[in-house]
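# Summary of the model geometry
What follows is the residue order along each chain.
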Amino acid sequence: MRRRLFSAALAGLPFAPLAGTSRALAQADDWPNRNVRIVCPFTPGGSQDNIARRLAAKLSDAFGQSFVVENRTGAGGSIAADNVAKSPADGYSVLLGNIGSHALVPHLYARPAYNAVTDLETVAWIGTQPNLLCCHPSFPHDTLPKLLAAAKAEPGKISFGSSGLGTSPTLTMELFKQKTGADITFISYRGAAAAAADVLAGHVPLVISNIDSLMSQVSAGKLKPVASSGAKRSPVTPDTPTFAESVSPDLVVTSWSIWAVPKGTPAKIKDKLRAATEKALQSPDVMASMKAGGFEPGTMTVPEIDAYIQTEIKRWGEVIRAAGIKPQ
């Protein structure tokens, strides 16, 4: 009797994990059957938020379930990223990952609450966007050569506004300072809109942000573009030179965006989300809307994205250390 009971117990052991696997596969087949959160590290109305909402609408149409953008701002994107990293790996929490959450946070915080490489998994590449440096139309040093000469003549007197230390716009200027020796003072704001408002009011002469965030004021003639940070001139500001052509060929900075999910999310769910995202990015209305804001959609495989992230982590670690920025 004991032998029969023992054999029955042994026979039952393999089925528990198999049952769990079967449930996971069934859930992946059925995904999504309820609302999906897209967690955005930026404030509503900003360029990255706009991207998230454009794609969320397309994904909602594709799957017949709502993809809802949830803004969790602060700490260079780490609050949003940590929230997703600690969420269930079931495909219902998706992070709008970016240069801040993945490449800057590791160097700006002594003890980040998450590790973007080990706690999150890349799903899809969305694209890149240059940063745009603008000035008030009355500012006399309205080209990079003029700005550089003025900054060297009066160190620390000229200031620029940007949306926080752990962002690509701010670090574009840090890299500019390192490449040229210019002494320009950084003033931190909660968002690009607040920084631009102070420039319009005449309190600060310069603002730098993702290009999409400043284009309405540029189009209205309220801000004057000085330089963009892409590898080539942006189609939306074709007369504005790049930092690369004016200062140094390696002064190219883009704010890139990806989808990321918690570690362990089923491959079938990631494949579904990736395919739907790539299709959405190819749709004429999304492509036109993104390009109108200076955003370049693109394609990369997951291994290519992960390799790129590693190069960005290394690059910005060197820039941050050279700037003397200490982890908080």
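Below: a short report on this structure. What you see is a predicted model; the values in this text were computed from it and never measured.

It is worth spelling out the overall build of the protein at this point. Check the secondary structure of the protein and you find 14 helices and 10 strands. If you line up the protein on its principal axes, its C-alpha atoms span 95 × 40 × 30 Å. With 328 residues in all, the protein has 48% of them scored as buried. Considering only contacts within the protein whose residues lie at least 6 apart along the sequence, 78% involve residues at least 24 apart. Accessible surface for the protein amounts to roughly 14800 Å². Of this, 56% is attributable to carbon and sulfur atoms. On the protein, the mean spot of the 33 positive side-chain charges and the mean spot of the 26 negative ones are 6 Å from each other.

A complete count under the given rule lists eight aromatic pairs for this structure. Plain terms: the ring middles of tryptophan 31 and phenylalanine 67 are 6.2 Å apart, the flat faces sit at 90 degrees to each other, and that makes the pair edge-to-face. One end of the pair, tryptophan 31, is in the loop between helix H2 (15–30) and strand S1 (36–40); the other, phenylalanine 67, is in strand S2 (residues 67–71), with 36 residues separating them in the sequence. Like tryptophan 31, the residue phenylalanine 67 is buried in the burial classification. Members of the aromatic cluster, joined through ring pairs, are Trp31, Phe63 and Phe67. Lying over the aromatic face of tyrosine 92, arginine 34 brings its terminal NZ or CZ to 3.7 Å of the ring centre.

Tallied over the full model, the rule gives 17 salt bridges. A salt bridge links arginine 37 to glutamate 70, with the nearest nitrogen and oxygen atoms 2.9 Å apart. With arginine 37 in strand S1 and glutamate 70 in strand S2, the pair connects residues that are 33 residues apart, well separated along the chain. The residue glutamate 70 makes a salt bridge to arginine 72 at a minimum N-O spacing of 2.5 Å. Given a relative accessible area of 32%, arginine 72 falls into the partly exposed group. A single salt-bridge network, built from bridges that share partners, covers Arg37, Glu70 and Arg72.

Now for the packing of helix H5 (residues 99–108) against helix H14 (residues 302–322). In contact at an axis separation of 9 Å, H5 and H14 are set at 40 degrees when each is read in the N-to-C sense. Taken as axis vectors, H5 and H14 run oblique relative to one another. Crossing handedness for the pair H5 and H14: right-handed. Across the interface between the two elements, Ile99, His102, Ala103, Leu104, His107 and Leu108 of H5 pack against Ile309, Glu312, Ile313, Trp316, Gly317, Ile320 and Arg321 of H14.

With that settled, the discussion passes to the pairing of S1. Among the five residues in S1, four count as buried, and that is most of the element. When S1 meets S2, the two strands line up parallel, connected through five bridges. Paired with valine 36 across the bridge in S2 is phenylalanine 67. In this fold, S1 hands off to helix H3 (residues 47–63), which returns the chain to S2; that crossover is right-handed. Bridge count between S1 and strand S3 (residues 93–98): three bridges; the pairing is parallel. Bridge pairing in S3 links isoleucine 38 to valine 94.

If you look at the biggest cluster of nonpolar residues, it comprises 47 residues, and the most contacted ones within it are Leu120, Leu133, Ile184 and Trp316. Among the elements that line this core, the one with the most residues is H14, at six residues. Counting residues in each nonpolar core, the second largest holds 28 residues, with Leu55, Phe67, Val94 and Leu273 among its members.

This part is about the environment of aspartate 271. Relative to the elements of secondary structure, aspartate 271 occurs in helix H12 (residues 267–282). Residues aspartate 271 and valine 123, 148 residues apart in the sequence, show an inter-C-alpha distance of 7.7 Å.

Parameters and conventions
- Residues numbered from 1 in each chain as written.
- Predicted model: local features only at pLDDT ≥ 70, side-chain atom pairs only at ≥ 80, totals over all residues.
- Heavy atoms only, no water.
- Helix = DSSP H or I, 4+ residues; strand = E, 2+ residues; numbered from the N terminus.
- Buried < 20%, exposed > 50% of the residue type's maximum accessible area, 1.4 Å probe, protein only.
- Contact = heavy atoms within 4.5 Å.
- Areas by Shrake-Rupley, 256 points an atom, 1.4 Å probe, with all protein chains shown as cover.
- Lys, Arg positive; Asp, Glu negative; His and termini not counted.
- Charge placed at Lys NZ, Arg CZ, Asp CG, Glu CD.
- Phe/Tyr/Trp six-rings, centres within 6.5 Å; stacked < 30°, edge-to-face > 60°.
- Lys NZ or Arg CZ within 6 Å of the ring centre and 35° of its normal.
- Salt bridge = Lys/Arg side-chain N within 4 Å of Asp/Glu carboxyl O.
- Axes fitted to C-alpha atoms, helices over the stretch in contact; angles between N-to-C directions.
- Parallel < 35°, antiparallel > 145°, perpendicular 65-115°, else oblique.
- Left-handed = near helix turned anticlockwise from the far one by under 90°.
- Pairing = 2+ DSSP bridges.
- Right-handed = clockwise from strand over helix to strand, strands pointing away.
- Core = buried A, V, L, I, M, F, W, Y, C linked by side-chain atoms within 4.5 Å.

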